[in-house]
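Here is what each chain is made of, one letter per residue.
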Amino acid sequence: MTALADRPLSGLTLRPLPDPEGSSIATGPYPASTGSLESKRHLTIDVGGAERWQRPALVQYVEAELNALLELSDGWDGRRAHAVTIPAIQATVHVLAVVTNETSAPPQLFPLPDGGIQVEWHVGGNSIEIEIDAEGEPHVLAQTSDGETIVEGVIALEQADARLLEARNFLQTLSARLAHVLTPA
Amino acid sequence: MTRSPSFENPPVVEIALGVQFRPIFALRGITLGPLRERWRDRYPVVEEQPPLAPVLEGAVAPGLGLALGFGPVPAARHWFLSSGGADLVQVQNDRLIVNWRKADSSVTYPRYEHMRELFATRIGEFVEFLDDERLGALEIVQAEASYINAVSVEAGQQGQLGELLRVWGGAAGHHLGEPEQARLALVFALPDAGHPPARMHIAVEPAQRADGGSALFMSLTARGAPVGPSLDEALKFLDGVHDHLTRSFIELTPATMHTIWGLRP
């Protein structure tokens, strides 16, 4: 992926040919946040200086899903649930930036009552569930359809966490299987 | 303003002078009506475009690939176009950019001095519009100047950057021969421009001309924070970086092309 710092993004209207490999959310390292975090609740994810409509479909999907979660206010469950927190959003993008690529199956994203976010993939009885709490701490559980646990535990975001990399490998396997299922013979 | 070296027939196909300013959240499509009327004669065509993300020069962050922005739903960017499409003003709630584009080969490159004057005039009118409509004050946080130069190359020759770069060593001796495409990015610090950090980004990349022909684009963008938030400071910043852009182009491109483009001291 072309880094933001490499691209002028200056309002020029002429564009060179895109990178042959395109941008990939999976190859991006940790995200940075800009702007006021608490008072305004709309998320944009910029990828490698690409124009908004040029971003990978998965990025646009994740952005839309997270913005839908950001619209939830306190009590969204009709009881005492908290609005999704900015640290949870940041951690979610961070986790997805590591575990997904352009061929990944899109995750399901759910709000948690504490202000956190649940990220899930389910393919043929296999599952990956990443629970990100309100403080932005993720916990991963990946299991096969046989009940075997592939990886489980807290993920450290400050480093290339082995559990996160295990989850990424498992997701690639599941995504390839899903693509195979969806591809007509 | 001292005159920089220039070319009789430069390969410039686009110029942009612009500023980023603190967001004016009330500035949305529906509030731009009076500005549209003010500019209607010169820019009769208006188009809506996706907004540009903020780009602020900051500390170097190697490999940064994602940026999260939190703010209100992004407003659209509006293009105010001249009838031929060569002149363009782009307005969104945190940017104003004045572009010139080479619509066809007969169009003469308008020179920096002309673009600077046009830019100052449009910004002045924009500030008047903001005052008249009580939308807020313009507080400039970044200024930038960009040039795109294009050189036509044969199909399949987009890996031979030596057409445009004297510093290009190619891939001599590579077992697969010349690359099909090549890209180069250079970033220079501009220590004498505005509030640091200011930088110049230079990229040479394969491109396609409007007629479908193969080309190499060399884009040069200088960007940074002016010393103050006023238009005068933004203009000073642009004057300063313009000299760096011109000199860089001359220093990086081969003398054979200078002859073709008509370099004059």
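Quick note: structure is the one above.
We now turn to the structure provided with this report.

### Quick notes on the environment of Leu174 of chain A
All names here are of chain A.
Then step 1. Note that Leu174 resides in helix H3 (residues 162–182).
Then step 2. On the basis of neighbour counts, which here come to 21 C-beta atoms within 10 Å, the residue Leu174 falls in the buried class.
Then step 3. C-alpha of Leu174 to C-alpha of Asn126: the two residues are 48 residues apart in sequence and 7.7 Å apart in space.
Then step 4. Every residue in contact with Leu174, bar those within four places of it in the chain, is listed here: Ala105, Trp121, Val123 and Asn126.

### Section: helix H1 (residues 57–70) of chain A
Residues and elements named next belong to chain A.
Then step 1. Taking 1.5 Å of rise per residue, 14 residues should cover 20 Å, and H1 covers 20 Å from first to last C-alpha, within 8% of that figure.
Then step 2. Taken as a whole, H1 has its buried residues at Leu58, Val59, Val62, Glu63, Leu66 and Leu69. Buried residues of H1, viewed axially, fall in a sector of 135°; they line one side. For H1, the exposed residues lying more than 90 degrees away from the buried face are Ala57, Ala64 and Ala68.

### Things to note about the pairing of strand E11 (residues 214–225) of chain B
In the case of a regular strand, side chains alternate between the two sheet surfaces.
Residue and element names in this part refer to chain B.
Then step 1. Of all twelve residues in E11, eleven are buried, a share of seventy percent or more.
Then step 2. Where strand E8 (residues 140–152) lies against E11, ten bridges are found, and the strand directions are antiparallel. When the bridges of E11 are listed, Ser146 appears paired with Thr221.
Then step 3. Bridge count for strand E10 (residues 195–208) against E11 is eleven bridges, and the pairing is antiparallel. Each bridged residue has a counterpart across the sheet, and for Glu205 the counterpart in E11 is Phe217.
Then step 4. Count of turn residues in the E10/E11 antiparallel hairpin: five residues, of which Gly212 carries a positive phi of about 95°.

So, how was this worked out
Residues numbered from 1 in each chain as written. Chains lettered and ligands numbered in written order. Predicted model: local features only at pLDDT ≥ 70, side-chain atom pairs only at ≥ 80, totals over all residues. Helix = DSSP H or I, 4+ residues; strand = E, 2+ residues; numbered from the N terminus. Buried ≥ 20, exposed ≤ 12 C-beta atoms within 10 Å, placed from the backbone. Contact = placed C-beta atoms within 7 Å. Expected span 1.5 Å × (residues − 1). Arc of directions from axis to C-beta. Pairing = 2+ DSSP bridges.

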